[in-house]
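# Fold and geometry: a report
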Amino acid sequence: MKSNTKSSITLPPNEFKLVVSLQARLKAKSKVEVVRRGLLLLQETTDRQSLREAYRQASLATRKSLAMEIREFDGLASEGLDEP
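Since we're looking at a predicted model, the values are computed, not measured.

## Considering the pattern of salt bridges
According to the stated counting rule, one finds three salt bridges in the structure shown. A salt bridge links Glu-33 to Arg-37; the nearest nitrogen and oxygen atoms lie 3.6 Å apart. One end of the pair is Glu-33 and the other is Arg-37, both in helix α2 (residues 31–77) and four residues apart, which spans about a single turn. A relative accessible area of 38% places Arg-37 in the partly exposed class. Glu-53 is paired through a salt bridge with Arg-56; the nearest N and O atoms lie 3.1 Å apart. Highlighted residues: Glu-53 and Arg-56, both in helix α2, separated by three residues, approximately one helical turn.

As structure tokens, this is what we get:
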């Protein structure tokens, strides 16, 4: 972004107070920095959640197929044990 470019958004008073409060607590140089950091955190959280969900789905699918395979081979595990 060019240094002379200005951007602005209008926030409700309570959200503006939150930005100002976070700016002080984070020791951010500007309100824009607070918003950028918040957006990056939101993106990271969303990415983590989607990865967790994908892992969960894959894990469930693997468990189902594994259970079926174990049932198929269960009879073979004891095959030949009764014979002398």
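## A few points about a nonpolar patch on the surface
A grouping of Val-35, Leu-39 and Leu-42 is seen on the molecular surface, where their side chains present a nonpolar patch of about 270 Å² in accessible area. Mapped onto the elements, Leu-39 comes out in helix α2.

The rules behind each value
- Residues numbered from 1 in each chain as written.
- Predicted model: local features only at pLDDT ≥ 70, side-chain atom pairs only at ≥ 80, totals over all residues.
- Heavy atoms only, no water.
- Salt bridge = Lys/Arg side-chain N within 4 Å of Asp/Glu carboxyl O.
- Helix = DSSP H or I, 4+ residues; strand = E, 2+ residues; numbered from the N terminus.
- Buried < 20%, exposed > 50% of the residue type's maximum accessible area, 1.4 Å probe, protein only.
- Patch = residues over 30% accessible without salt bridge, like charges linked within 9 Å, V, L, I, M, F, W, Y side chains within 5 Å.
- Areas by Shrake-Rupley, 256 points an atom, 1.4 Å probe, with all protein chains shown as cover.

Everything listed is a geometric property; what it means functionally is a separate question.
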